[in-house]
Amino acid sequence: MLYALSWFVVVALVALWSLAAWALHAAALWTASNAGALAAAASGASARALPDWLVPWVPPDLVPAMTQLMAGLEPVINSLLLAVPALAGGVTVVSWVVWGMGGVLLLLLGVGLHLMISLWRRRGGGGSGPNTGPSLAAG
């Protein structure tokens, strides 16, 4: 019974691992396919102003420096966001490799649990071995 229970837990963990890998893969592909839209949204980042409630807390010299930094980084960020859709095929390969490695580790966990249960039962902890019943030679 313990063997079945341990393997049920391992199969449930593999199912959860597969679901999580599928969800992250879908989110990564969605992000990669919509990166062009993200580049268009990020193009106006340097023109944004600080909120009114934050202005008293920020040193006045820091605001122009940050605006200048954002204006300098804007072309770099836009070029990176435009290059992301080309990497979508690599996301699939990485997802399969990570899923496979996690699946192998979970199966090794199942084998380890199986071996631990068998060792525990051999040492007398199982309660159903040949040495656990009443002795016939005692009478």
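Quick caveat: nothing in here was measured; it's all calculated off a predicted structure.

**Student:** Would you mind going over the overall build of the chain in detail, with residue names and values included?
**Tutor:** Helix and strand counts for the chain come out as four helices and zero strands. When the elements of the chain are put in sequence order from the N terminus, they spell out α-α-α-α. In the chain, buried positions account for 12% of the 139 residues. Summing over all exposed atoms, the chain offers an accessible surface of approximately 10500 Å²; the carbon and sulfur share of this is 77%.

**Student:** Pulling in residues and values, what's your account of the side chain of S6?
**Tutor:** On the secondary structure map, S6 appears in helix α1 (residues 2-33). Residue classification places S6 among the buried positions, given a relative accessible area of 9%. Of the polar contacts made by the side chain of S6, one reaches the backbone oxygen of Y3; its length is 2.9 Å. Discounting residues that sit within four places of it in the chain, S6 has contacts with L113 and I117.

**Student:** Give a description of the packing of aromatic side chains that names residues and reports values.
**Tutor:** Considering all chains together, one arrives at one aromatic pair under this definition. With 5.7 Å between their ring centres and 85° between their planes, W96 and W99 make a pair best called edge-to-face. Taken as a pair, W96 and W99 lie in helix α4 (residues 88-125) at a separation of three residues, close to a single helical turn. Residue W99 is classed as partly exposed on the basis of its relative accessible area of 31%.

**Student:** An account of a nonpolar patch on the surface is requested, with residue identities and associated values reported.
**Tutor:** Taken together, L2, L5, F8, V9, L13, L16, L19, W22, L109 and W120 make up a surface patch of nonpolar side chains, about 1000 Å² in accessible area. When residues of the nonpolar patch are traced back to their parent elements, those giving at least two are α1 and α4. Among the elements that make up the nonpolar patch, the one with the highest residue count is α1 (eight residues). Within the fold, W22 resides in helix α1. Judged by its relative accessible area of 58%, W22 falls in the exposed class.

**Student:** So what's going on with the confidence of the model for the chain? Which residues, and what values?
**Tutor:** Mean pLDDT for the chain: 81, with 80% of residues reaching 70 or above. Per-element confidence in the chain is highest for α1, whose mean pLDDT is 92, and lowest for helix α2 (residues 35-42), whose mean pLDDT is 64.

**Student:** With reference to specific residues and values, describe the environment of L107.
**Tutor:** Position of L107 relative to the elements: it lies in helix α4. Residue classification places L107 among the partly exposed residues on the basis of a relative accessible area of 47%. Taking the C-alpha atoms as reference points, L107 and V10, separated by 97 residues in sequence, lie 7.1 Å from one another.

Scoring rules and cut-offs
- Residues numbered from 1 in each chain as written.
- Predicted model: local features only at pLDDT ≥ 70, side-chain atom pairs only at ≥ 80, totals over all residues.
- Heavy atoms only, no water.
- Helix = DSSP H or I, 4+ residues; strand = E, 2+ residues; numbered from the N terminus.
- Buried < 20%, exposed > 50% of the residue type's maximum accessible area, 1.4 Å probe, protein only.
- Areas by Shrake-Rupley, 256 points an atom, 1.4 Å probe, with all protein chains shown as cover.
- Polar contact = N/O pair within 3.5 Å; in protein donor to acceptor, adjacent residues only side chain to side chain.
- Contact = heavy atoms within 4.5 Å.
- Phe/Tyr/Trp six-rings, centres within 6.5 Å; stacked < 30°, edge-to-face > 60°.
- Patch = residues over 30% accessible without salt bridge, like charges linked within 9 Å, V, L, I, M, F, W, Y side chains within 5 Å.
- Salt bridge = Lys/Arg side-chain N within 4 Å of Asp/Glu carboxyl O.
- pLDDT = per-residue confidence, 0-100.

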